[in-house]
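For reference, the chains in residue letters:
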Amino acid sequence: DAINAKWGSFDNFKAEFKEENLKLTELENIHVTLVFLGSTANKKISNIEIALIEAIGETKEIEIEIESLNYFEQGKISTIWFGIKENEILDNLVKKINYSLDKEKINYCKRINFIGHVTIAKVKKIKNKNKLESRLNTLFNIEPQKIIIENPTLFESITLDNATRYDIVRVF
C-alpha cells in the first residue's frame, strides 16, 4: 500500500522523463533486494538454496520503514529506488545470508555498507541529472512509512531489451 500510494505521482514522473526511457518495476515484481547474486550457473542453485535456508531460518517477516527515494548509476542504466531506514533485524539477516553464501562458496555482489532498497524504476540514460534529482524530491516527498516484508524469496531476474522479468526460484 505504501508503494501503491506513490504510483499515481509516478505516472506523471514517467511522462516527464519519457525521452529517457524510464521503465517502471511492475507492482507484482516489487521486492526488497537483500543480496544480488549476478550471473549464476544453474548447478549452483541448490547450494544457494541451502545457504538461504540456513541463513533465513524461522524469519518469515520483518517490519521495515521506507524513508527515502534515490537513484544510483550502474553503467548506462540508473536505478531509482526507495531506501529503507537502518534496521538491525534486516542487517543481521543480510550478514547471515552473506556468511552462508561464503560458506557455500557462492559468488555474489559483496557490499561493504549494505543499503536495503526497493527498486521502483530503471532509466536507460539520464540526460539531465539535476532535473531528475529535483523531480524526485518534488514528486516524492517521502514520509517514513512502515511496511511488513514477508516470505523471503529467491528470484531469478532476466533482462532482455531493457525489460526485466522476475521468476520465482523458491519461497522460503
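Look up a bit, the structure's there.
Residues numbered from 1 in each chain as written. Predicted model: local features only at pLDDT ≥ 70, side-chain atom pairs only at ≥ 80, totals over all residues. Heavy atoms only, no water.

1. Considering the overall build of the chain
Our working definition: Strands here are runs of E lasting at least two residues and helices are runs of H or I lasting at least four, both read from the DSSP assignment and numbered beginning at the N terminus. Any residue under 20% of the maximum accessible area for its type is buried, any over 50% is exposed, and the rest in between are partly exposed; the area is computed with a 1.4 Å probe on protein chains only. We call two residues contacting when some pair of their heavy atoms lies within 4.5 Å. Accessible surface area values rest on a Shrake-Rupley calculation with a 1.4 Å probe, where residue burial reflects the displayed protein chains alone.
In terms of helices and strands, the chain carries four helices and eight strands. Starting at the N terminus and walking to the C terminus, you meet the elements of the chain as α-β-β-α-β-β-α-β-α-β-β-β. Residue burial in the chain is summarised as follows: out of 172 residues, 38% are buried. In the chain, 73% of the contacts between residues at least 6 apart in sequence involve partners at least 24 apart. Counting only carbon and sulfur atoms, one obtains 46% of the accessible surface of the chain, whose full area is about 10,700 Å².

2. A few points about helix α2 (residues 45-56)
Residues that lie three or four places apart on an α-helix share one face, since the helix turns once every 3.6 residues. Note the following rule: Expected helix span is taken as 1.5 Å per residue step, with the number of steps being one fewer than the number of residues. Along the arc lie the directions from the helix axis toward the C-beta atoms.
The terminal C-alpha atoms of α2, which comprises 12 residues, lie 16 Å apart, in line with the 16 Å expected from a rise of 1.5 Å per residue. Those residues of α2 that sit buried are I48, E49, A51, L52, A55 and I56. On an axial view of α2, the arc spanned by its buried residues comes to 165°, and they lie on one face. On the buried face of α2, the contacting elements are α3 (88-103), β7 (153-160) and β8 (163-171). Backbone geometry just downstream of α2 places G57 in the positive-phi region, at approximately 55°.

3. A word on the nonpolar core
We apply this condition: For this analysis, a nonpolar core means a set of buried residues of the types Ala, Val, Leu, Ile, Met, Phe, Trp, Tyr and Cys, connected via side-chain atoms within 4.5 Å.
Grouped together as the largest cluster of nonpolar side chains are 36 residues, with contacts concentrated most on I64 and I80. Among the elements of the structure, β1 (22-24), α2, β3 (61-74), β4 (77-84), α3, β5 (117-123), α4 (129-139) and β6 (145-150) are those that each provide at least two residues to this core.

4. Structural notes on a positive patch on the surface
Cut-off, in case you're wondering: Each patch is built from residues lacking any salt bridge and having more than 30% relative accessible area; the joining distance is 9 Å for like charges and 5 Å for nonpolar side chains (Val, Leu, Ile, Met, Phe, Trp, Tyr). Salt-bridge detection follows one rule: a side-chain nitrogen of Lys or Arg within 4 Å of a carboxyl oxygen of Asp or Glu. Just so you know, the count uses Lys and Arg for positive and Asp and Glu for negative, and it drops His and the chain ends. Just so you know, the charge point we use is NZ for Lys, CZ for Arg, CG for Asp and CD for Glu.
On the surface, K76, K124, K125 and K127 cluster together to form a positively charged patch. Inspection of the secondary structure assignment puts K124 in the loop between β5 and α4.

5. Regarding the pattern of salt bridges
For the coordinates displayed, the defined rule picks out four salt bridges. Residue D102 pairs with K110 through a salt bridge whose shortest N-O separation is 3.3 Å. Given the relative accessible area of 37%, D102 is considered partly exposed. Note that R165 is salt-bridged to D167, the shortest N-O span being 2.9 Å.

6. Structural notes on the packing of α2 against α3
Condition: Axis geometry follows a simple rule: fit a line to the C-alpha atoms, using only the stretch in contact for helices, then measure angles between N-to-C directions, giving values from 0 to 180 degrees. Handedness of a crossing follows from how the near helix is turned relative to the far one, being left-handed for an anticlockwise turn of less than a right angle and right-handed for a clockwise one.
Put simply, α2 and α3 touch, their axes get as near as 8 Å, and they point 145° apart. In the packing of α2 onto α3, the handedness of the crossing is right-handed. Where α2 abuts α3, its residues A51, L52, E54, A55 and I56 lie against L93, K96, I97, Y99, S100, L101 and K103.

7. Some details on the side chain of T25
Which entries qualify depends on this criterion: N or O atoms closer than or at 3.5 Å make up a polar contact, with two conditions inside protein: a donor-capable atom paired with an acceptor-capable one, and, for residues adjacent in sequence, both atoms drawn from side chains.
Mapping T25 onto the fold places it in the loop between β1 and β2 (32-33). Separated by 3.3 Å, the side chain of T25 and the backbone oxygen of T119 make a polar contact.

8. Topic: the environment of I66
Turning to its location among the elements, I66 is positioned in strand β3. Residue I66 is classed as buried on the basis of its relative accessible area, which comes to 5%. Considering only alpha carbons, one finds I66 and I84, 18 residues apart in sequence, at a separation of 4.6 Å.

From the geometry alone we can't say anything about function, so treat these as descriptive.
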